[in-house]
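These are the residues of each chain, in order.
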Amino acid sequence: MTTSPTLGRARPVRRPVPAGHPLAGAVAAEWTKLWSVRSTWWTLVAALVTMAATAAQFAIYAVNANTDDDPTVNPGVLDVGDVVAGSLELTQFVVLGLGLFAITSEFATGTIRTTLRCTPSRSRVLAAKAIVVGAVTFGVGLLLAAVGAAVARPVLGEWGRAPWGATVTDVLACAAYLTMVGVLALGLAAALRGPVLTLTVLLALLYIVPLSLQEPDITVLNRIADGFPGVAGTHFLAGDTEPYPAAVGLLLLAGWAVAALALGRWALARRDA
């Protein structure tokens, strides 16, 4: 304490307090919240079980098809990465829970009010959640793809192959796909708030609507379906060159994720928590 020569009373001496970037603090808070709830761990366990079971099932189907008397259904020798990518069609809906519940659970319990009091910037809150969800789903994607490959390879036997370079590329592609889908789920959940409604919209975007467009096999409708996130992701995972390169498929999927975050940010700004 120091004494003012003019007023004759003590006053505190202010010392500079170092502060980190506000976004870093928000990210740390979101990371802690995500891993402190049991639903995250149950989602991870469910995703691992689903991936292992689905990869084994796909591998068994491939073996049975190759040993069937009908040569027209024989898929031949398969890359393990193809089985893993096919297994994501079901497993992704479990992983979506990470992005979906990262914010809908807060709306349901009312803790979103505490979150917004601690971090008044709604853009920062959503950005922090997106960073955490993206990082976690990428790591989970790597783990799931590795587990799927480890399960499928011995089941395929002589009808499977796992070249090191191609398998690593497929594992990374699966992780990238799940990252984009997880962020897409977060953005829609921020806008729609309810888990059931959000999951319904995700099912429509990833599966139902594009499948309905593809069913008549009309060129114009097929091209429209190719722009949906689920189809774009499928082209990316398959490494297709038609109707566009695989990289374009990833960019389309990323565009959907960014658009969903923008919609979520707009909804957070316009409505009370």
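Bear in mind the structure is a predicted one, so any value in this text is a computation, not a measurement.

Chemist: It is not clear to me how the nonpolar core should be interpreted in this structure. Could you clarify?
Modeler: The nonpolar side chains of a soluble globular protein tend to be buried with one another. By size, the foremost hydrophobic cluster in this structure holds 48 residues, and its most contacted members are Tyr177 and Leu237. Of all the elements, helix H6 (residues 164-192) adds the most residues to this core, at ten residues. With near-sequence residues (within four places) excluded, Tyr177 lies in contact with Leu88, Gln92, Leu206, Gly233, Phe236, Leu237 and Leu253. The next biggest cluster of nonpolar side chains, apart from the first, holds 13 residues, and it includes Ile112, Val125, Leu126 and Ala130.

Chemist: Mind showing me how you'd approach a nonpolar patch on the surface here?
Modeler: Together, Leu199, Leu203, Tyr207, Ile208, Val209 and Leu211 make up a nonpolar patch on the protein surface, roughly 460 Å² of accessible area in all. On the basis of relative accessible area, Leu199 is assigned to the partly exposed category, the value being 33%.

Chemist: Just checking my understanding: could you explain the packing of helix H5 (residues 122-156) against helix H10 (residues 246-270) for this structure?
Modeler: Each pair of packed helices gets described by two things: the angle between the helix axes and the distance between those axes. Contact geometry for H5 and H10: axes closest at 9 Å, N-to-C directions at 145°. Read as a crossing pair, H5 and H10 show a hand that is right-handed. From H5, Arg122, Ser123, Leu126 and Ala130 reach across to H10, where they touch Leu261, Gly264, Arg265, Leu268 and Ala269. Split by residue class, the contact of H5 with H10 holds five nonpolar, two polar and two charged.

Scoring rules and cut-offs
- Residues numbered from 1 in each chain as written.
- Predicted model: local features only at pLDDT ≥ 70, side-chain atom pairs only at ≥ 80, totals over all residues.
- Heavy atoms only, no water.
- Core = buried A, V, L, I, M, F, W, Y, C linked by side-chain atoms within 4.5 Å.
- Buried < 20%, exposed > 50% of the residue type's maximum accessible area, 1.4 Å probe, protein only.
- Helix = DSSP H or I, 4+ residues; strand = E, 2+ residues; numbered from the N terminus.
- Contact = heavy atoms within 4.5 Å.
- Patch = residues over 30% accessible without salt bridge, like charges linked within 9 Å, V, L, I, M, F, W, Y side chains within 5 Å.
- Areas by Shrake-Rupley, 256 points an atom, 1.4 Å probe, with all protein chains shown as cover.
- Salt bridge = Lys/Arg side-chain N within 4 Å of Asp/Glu carboxyl O.
- Axes fitted to C-alpha atoms, helices over the stretch in contact; angles between N-to-C directions.
- Left-handed = near helix turned anticlockwise from the far one by under 90°.
- Nonpolar A, V, L, I, M, F, W, Y, C, P; charged D, E, K, R; others polar.

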